[in-house]
Amino acid sequence: MMWMMLFLLLPILALSYIGWHIWCLLPVRWYVKSIVIVLMVASFLMLFAGMFRATDSMPMPLATAVYVIGTSSIFILLYLFMLFLVLDLGRLTPLVPRTLLYNNWWTAGGIAVFMFGLFLYGHLHYKHKYRETLTITSNKVTKPIKAILLSDLHIGYHNQRDEVHRWIDIINDEKPDVILIAGDIIDGSLRPLREQHIYEEFQRLQAPVYACLGNHEYYSGEPGALQFYQQAGIHLLRDSIANVGDLCVIGRDDATNFRRRPLSELAETVSPSQFSIVLDHQPHHLEKAEQAGIDFQFSGHTHRGQVWPISWITDRIYECSWGSHQRGKTRYYVSSGMGIWGGMFRIGTRSEYVVLEIKN
């Protein structure tokens, strides 16, 4: 109960702090200030329309707008909060006079231009998909294998069919032998995927696809998510194993399922002569793969916070929140994701796909 109260109290305090600064800063009549603050609060409240699936009963264009505005607002408000906090701390010095924050068009205009530029950059940076290459040498493969590794596509109201089409083209251009997805293909609602027949885009992939579940597949509704995987031609590995040439791919159920099978139990059936790859959406307890003698683990989930300084938090929560990692003979890669949850901005992080080459 205390955590729930704190969860509700912190946004209210932050909105109040930002609203007070906006009220003091804008040199306009009171009713204009009121309209600006009401729009700010309304944008934030749209976030909950998406969280509680109210968007599913709206016309698609309206649902898309409500989702994008609501989820974008929390990132914009975060940066406004940090900016006003820096200015308030600056007032403790002669560098920031009081007049800079009261009835000042120059400050208001400067903040507006800065925020627009920052989030335009963040959006364009998100749209660019980085190609990360990773090469592993192993005597367990008889010929080179090229795998595309993806995580956190988050297909939904924001990442719709035209965007997925672009991603599929990028993947096909790589001409991989196999495609591995570490969960969260679905964002939250299955409605956009169904109405836009997005499974048809996955059917265009020119290599076999294997994937595990992520926490968002559970949020979207597990039965519907499983149906989408089947329609899309994705081989779901849910605490199960697939032999793909010299590879043994182990797909774990998401940690949302507290009764998922232990990795040590799954690894017992792996032949020592095969190169083993674990798909585990959430990169918790990385030591388990090392203890099980796994060659490589691929995870996602963290997004590396999506924007700075949240990336600082994820870097401290996880043993590895992004990039390459190694424990003993086991190698890892934690991806920041191809897609993203909510507002389509990347500031201090990146959207990526991984090209894994395994050579003899």
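Residues numbered from 1 in each chain as written. Predicted model: local features only at pLDDT ≥ 70, side-chain atom pairs only at ≥ 80, totals over all residues. Heavy atoms only, no water.

Colleague: I keep staring at the sheet that holds strand β6 (residues 240-244) and nothing clicks. Help me out?
Modeller: Within the open sheet, the 6 strands sit side by side as β6-β7-β8-β9-β11-β10. Their pairing is mixed. Among the strands making up the open sheet, the edge pair consists of β6 and β10 (323-327). In this sheet, neighbouring strand axes are inclined to one another by 20° on average, regardless of whether the strands run parallel or antiparallel. In this structure, β6 lies alongside strand β7 (residues 247-251), joined through 5 bridges in antiparallel fashion. Residue A242 lies in a different strand from β7, and its bridge partner there is V249. (Pairing = 2+ DSSP bridges. Helix = DSSP H or I, 4+ residues; strand = E, 2+ residues; numbered from the N terminus. Axes fitted to C-alpha atoms, helices over the stretch in contact; angles between N-to-C directions.)

Colleague: Just to check I follow, could you spell out a nonpolar patch on the surface for this structure?
Modeller: Taken together, the side chains of W23, W30, Y31, V32, I35, V36 and L39 present a nonpolar region at the surface, about 690 Å² in accessible area. When you line up the elements, V36 lands in helix α2 (residues 30-51). Assessed through its relative accessible area of 32%, V36 is described here as partly exposed. (Patch = residues over 30% accessible without salt bridge, like charges linked within 9 Å, V, L, I, M, F, W, Y side chains within 5 Å. Areas by Shrake-Rupley, 256 points an atom, 1.4 Å probe, with all protein chains shown as cover. Salt bridge = Lys/Arg side-chain N within 4 Å of Asp/Glu carboxyl O. Buried < 20%, exposed > 50% of the residue type's maximum accessible area, 1.4 Å probe, protein only.)

Colleague: Would you mind showing me how to read the packing of helix α3 (residues 60-90) against helix α4 (residues 105-127) here?
Modeller: Two quantities define a packed helix pair, namely the angle between the axes and the distance from one axis to the other. At a closest axis distance of 11 Å, the pairing of α3 and α4 adopts a crossing angle of 135°. Between α3 and α4, the crossing angle belongs to the class labelled oblique. Crossing geometry of α3 relative to α4 is assigned as right-handed. Contacts from F75, I76, Y79, L80, L83, F84 and L87 in α3 reach I111, F114, M115, L118 and F119 in α4. Tallied by class, the residues present in the contact of α3 with α4 amount to 12 nonpolar, no polar and no charged. (Parallel < 35°, antiparallel > 145°, perpendicular 65-115°, else oblique. Left-handed = near helix turned anticlockwise from the far one by under 90°. Contact = heavy atoms within 4.5 Å. Nonpolar A, V, L, I, M, F, W, Y, C, P; charged D, E, K, R; others polar.)

Colleague: Just checking my understanding: could you explain unusual backbone geometry for this structure?
Modeller: Most peptide bonds are trans, and most residues other than glycine sit at a negative phi. Following W308, the chain continues to P309 via a peptide bond in cis, the omega torsion being 10°. Note that P309 resides in the loop between β9 (296-299) and α12 (310-317). A positive phi angle, close to 80°, is found at H301, a residue other than glycine. Mapped onto the elements of the fold, H301 is located in the loop between β9 and α12. The exposure class assigned to H301 is buried, which follows from its relative accessible area of 18%. Here the phi dihedral of R304 falls at roughly 50°; this positive angle occurs in a residue that is not glycine. Tracing the backbone shows R304 in the loop between β9 and α12.

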